[in-house]
Amino acid sequence: MGTFIQLVVDGLSLGSVYAALALAIVLVNQATGLINFAQGGMAVLSAYIAWWFAGLGVPLILAILLSVVVSFLMGAVIERYVMRRFEQGDPDTAVVVTIGLLTLITGVCGWLWTYNNQQFPSLFPLDTVSVFGAAVSVRSIGTTVVIIAIMLLLQGLFLGTKLGLALRAVAVNPQSAAFSGLPVGRLLMVGWGLAACLGAVAGALIAPQLTLTPGMMDTALVYALAAVILGGMSSPIGVVLAAWIIGVLENLAAVYVPFIGYDLKVAVPFVLIFIVLIVRPQGLFGRRSVVRV
Amino acid sequence: MPASSAFFSRRWVRLVIALVIVVAVLLLPLALPEFANQTLARIGVFAVAVLGLNVVMGYTGQVSLGQIFFVGLGAYVTAYGVRNDVNIVLVLLASVLIPGIVGLVIALAAARLGGLAIAMVTIALPIVGVPLAKRLSEFTGGSQGTSARFSDAPEWTGLYDDQWQLYIVILIGGIVFLLTRNLVRGKYGRAFAIVKENEAVASSMGISPYRFKVLAFTIASLIGGVSGFLYMVVVQYTSPETLSFGHSIQLLAAMVIGGAGSIVGSLLGGAYYVLAPQLTNAVDPSLTAVLQGALLLLVLFVLPGGLASLPARLQRLRRRAAGGREHHPGAPPTSSTDVPTPAATKGTQTERHDQS
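Conventions we followed
Residues numbered from 1 in each chain as written. Chains lettered and ligands numbered in written order. Predicted model: local features only at pLDDT ≥ 70, side-chain atom pairs only at ≥ 80, totals over all residues. Heavy atoms only, no water. Helix = DSSP H or I, 4+ residues; strand = E, 2+ residues; numbered from the N terminus. Rg over C-alpha atoms; globule rule 2.2 N^0.38 Å. Buried < 20%, exposed > 50% of the residue type's maximum accessible area, 1.4 Å probe, protein only. pLDDT = per-residue confidence, 0-100. Axes fitted to C-alpha atoms, helices over the stretch in contact; angles between N-to-C directions. Left-handed = near helix turned anticlockwise from the far one by under 90°. Contact = heavy atoms within 4.5 Å. Nonpolar A, V, L, I, M, F, W, Y, C, P; charged D, E, K, R; others polar. Core = buried A, V, L, I, M, F, W, Y, C linked by side-chain atoms within 4.5 Å. Buried area = accessible area lost by both parts, 1.4 Å probe. Salt bridge = Lys/Arg side-chain N within 4 Å of Asp/Glu carboxyl O. Parallel < 35°, antiparallel > 145°, perpendicular 65-115°, else oblique. Phe/Tyr/Trp six-rings, centres within 6.5 Å; stacked < 30°, edge-to-face > 60°. Lys NZ or Arg CZ within 6 Å of the ring centre and 35° of its normal. Pairing = 2+ DSSP bridges. Expected span 1.5 Å × (residues − 1).

From N to C terminus, chain A includes 11 helices and two strands. Against the compact-globule benchmark of 19 Å for 293 residues, chain A has a radius of gyration of 19 Å, which places it among compact chains. Each of the three principal axes of chain A carries a C-alpha extent, and together these read 60 × 60 × 35 Å. Each of the 293 residues in chain A was classed as buried or not, and the buried ones make up 55%.

In structure tokens, the structure reads:
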């Protein structure tokens, strides 16, 4: 029982990191209709920036906040100077552009900071606390709490502020938004900036665990995409729930299903997707086609 | 310029050119040094892989990040078959069919979601594939990888190994290219194009987008399997590294840079896949990924049709420049003035035809 609880809490904390990345993907997708495959790469760059600040002697929490600010600018600049040219065109081309960005950003990280693993300091102490007899790491609890706080903050931003209203308007219908005088271009920049901030948080939270490398987020990106498919593109809460389910299930499967083990647990979310697709042929967020006579 | 394009569009001229190319390709392996032959053979291997990716992505418009998985699967099937002394023709068949079946099953699920879901599902293939290949060490040799020597030149040919291997690649790759070319220019190709253009229109025309997406993905997987077989012919060794995520992205970059939805672009893409890392490594190994990413973005910005569209693009630019100089864009280009009158009028007609 103790192991079980420990696995569930650790799974929730892993799932929270995937959730942060998945929320960033949903944020960009809602505003522009495209999937940003560079989201993981951008998160890695943010983590490197935080690591670099920390190396200069900046306190860790401040270093992470600084990297969040830099990431906001990075996201906005990428939207303005790279993505904007492709946003109106073929969505496939835009996706390939984000893949180009992924290659470029990963390359920049490797070039500036080498491909060696770097130790990233943890924001939370490495102690464990006892929950129902299970030794649960403070880091796992901390990660989950941080993500829940960010989720609430985002929810507040979207539902309670003028900026949130404008962002939602652009997402729902950019043309009508432009007609009502909203600065669509600037709002898209803000959307990309916020997504990059979410990525930065995800990067800072997962880096201590995986150690910092340019390819660190590749697998996390896959989990995040799985969460996006399972949870549905238009539902942030669904995405977070899906990310948690994936995190917990893969952790449990790694221990309780001997064949899967630690190295193959990445396959779990996709087996899950497969089953869901067979049970729900139209897909989780697909429309059922209606025939009218 | 129009005169020269008229010359090249004549049937016998094209036949002669094709014949010259075929003879050159057949004699080339005998004349080139070993290293050049091996490089050409590897270009052929990845040109086939890019061609498969082009079927699903360039022609049908479904972003796939998993093509390398099918290449790796084909390579593993080949290695397994060879090591168990299976007849080589059966090995080839299996290395095509098994990836095809796996691709079919994946597409049946992924194509249901539509939109970018195929991209999101296929990104998992290399990422799941690498640990899976390490785990199934009974078949794959684990992280050590597995090798299979079956493509050494037979005694009776009198050829060197590299020449023999290049001939195999030319023969099998050539057949795949020819079949694919016919496929995408025929009625299936038109159906793919309509699905790519607008799925709703396709449905209203009685073309099921779902069915054609699954078909395109399956064909891409089959072709990926062939590429995997050829990979074993040339490299004779495969490991989980072969199907890594990075290679999958490089393959996609190669397709875009070569030219999406283009047969020639697939060849150029294969050349890019093999030659670009060599070039960037020569410049600065730590800059390889940066240069490749930057190049991919540059091509998307400047030449969205890839290298294959470069001649048409240059011609258009030249024509615009010529038109601008004379201040009457409707007039035939300057080069046709030194050709007799009937040819000149013919030139204008082809020009109008091009523009319409």
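Moving on, we come to the confidence of the model for chain A. Model confidence for chain A is summarised by a mean pLDDT of 85, while 95% of its residues fall at 70 or above. For chain A, the element scoring lowest by mean pLDDT is helix α11 (residues 268–279) of chain A, at 78; helix α2 (residues 39–55) of chain A scores highest, at 95.

What follows concerns the packing of helix α4 (residues 67–83) of chain B against helix α5 (residues 88–113) of chain B. Residue and element names in this part refer to chain B. Packing of α4 against α5 leaves a shortest axis separation of 9 Å and a crossing angle of 145°. For the pair α4 and α5, the crossing hand works out as right-handed. Counting all contacts with α4, which are made through Phe69, Phe70, Leu73, Gly74, Val77, Thr78, Gly81 and Val82, the residues of α5 involved are Ile88, Val91, Ala94, Ser95, Ile98, Pro99, Val102, Gly103 and Ile106. Looking at the contact of α4 with α5 residue by residue, the class counts come to 12 nonpolar, five polar and no charged.

Counting 193 residues, the largest nonpolar core has A:Phe37, A:Ile78, A:Met83, A:Met217, B:Leu230 and B:Leu252 as the members making the most contacts within it. Among the elements that take part in this core, helix α8 (residues 184–210) of chain A stands out by supplying 17 residues, more than any other. If we ignore the near neighbours within four places in the chain, the residues touching B:Leu230 are B:Val45, B:Val48, B:Ile168, B:Val169, B:Ile172 and B:Gly173.

What follows concerns the confidence of the model for chain B. Residues and elements named next belong to chain B. When the pLDDT values of chain B are averaged, the result is 85; 88% of them are 70 or greater. Within the model, the stretch residues 328–356 combines pLDDT values under 50 with 17 contacts to residues more than four positions away or in other chains. Across the predicted assembly, pTM comes out at 0.85 and ipTM at 0.85.

In this section: the interface of chain B and chain A. Tallying the contact residues gives 36 residues for chain B and 48 residues for chain A. Around 3600 Å² of area is buried between chain B and chain A when both sides are counted, 81% of it from carbon and sulfur atoms. Sorting the residues of chain B by area buried against chain A places B:Met120, B:Arg135 and B:Phe301 first, and these three jointly supply 20% of that buried surface. At the surface where chain B touches chain A, the tally comes to one salt bridge. B:Arg135 is paired through a salt bridge with A:Asp263; the nearest N and O atoms lie 2.4 Å apart.

Take the packing of helix α3 (residues 34–59) of chain B against helix α10 (residues 187–197) of chain B next. Geometry of a packed helix pair, given as the angle between the helix axes and the separation of the axes. Residue and element names in this part refer to chain B. Relative to each other, α3 and α10 sit at 50°, their axes nearing to 9 Å. Classified by the angle between their axes, α3 and α10 sit oblique to one another. Across the interface between the two elements, Val55, Gly58 and Tyr59 from α3 touch Phe192, Ala193 and Lys196 from α10.

Enumeration according to the criterion identifies 14 aromatic pairs over all chains in this entry. When the ring of A:Tyr48 is compared with that of A:Trp113, the centres are 4.8 Å apart and the planes differ by 5°; the resulting orientation is stacked. In this pair, A:Tyr48 sits in helix α2 while A:Trp113 sits in helix α4 (residues 91–113), placing the two residues 65 residues apart along the sequence. Assigned by exposure class, A:Tyr48 and A:Trp113 land together as buried. An aromatic cluster is defined as three or more aromatic residues linked by ring pairs; in this entry it consists of A:Tyr48, A:Trp51 and A:Trp113. Between A:Arg80 and the ring centre of A:Tyr81, over which it is positioned, the NZ or CZ distance is 5.2 Å. The ring of A:Phe259 is capped by B:Arg135, whose NZ or CZ atom sits 5.5 Å from the centre of that ring.

All names here are of chain A. Across four bridges, the pairing between strand β1 (residues 128–131) and strand β2 (residues 134–137) is antiparallel. Within β2, the position partnered with Thr128 by the bridge is Ser137. In sequence, β1 turns back onto β2 through a hairpin of two residues, with Phe132 there showing a positive phi of about 50°.

A few words on the side chain of B:Thr78. Residue and element names in this part refer to chain B. Examined against the element boundaries, Thr78 turns out to sit in helix α4. Relative accessible area serves as the criterion here: at 0%, Thr78 is assigned to the buried category. In contact with Thr78, not counting residues within four places along its chain, are Val91, Ser95, Phe150, Gly228, Phe229 and Met232.

Residues and elements named next belong to chain B. Applying the stated criterion to the full structure yields five salt bridges over all chains. Across the pair Glu199 and Lys213 runs a salt bridge, and its minimum N-O distance is 3.2 Å. Of this pair, Glu199 sits in helix α11 (residues 199–204) while Lys213 is found in helix α12 (residues 209–234), placing the two residues 14 residues apart along the sequence. Looking at Lys213, the relative accessible area reads 2%, which means it is buried.

Another aspect to go through is α4(A). Residue and element names in this part refer to chain A. The end-to-end C-alpha distance of α4 is 33 Å, a good match for the 33 Å that 23 residues give at a rise of 1.5 Å each. With 17 of its 23 residues buried, α4 lies for the most part within the structure. Directly beyond the C-terminal end of α4, a positive phi value near 60° is found at Thr114.

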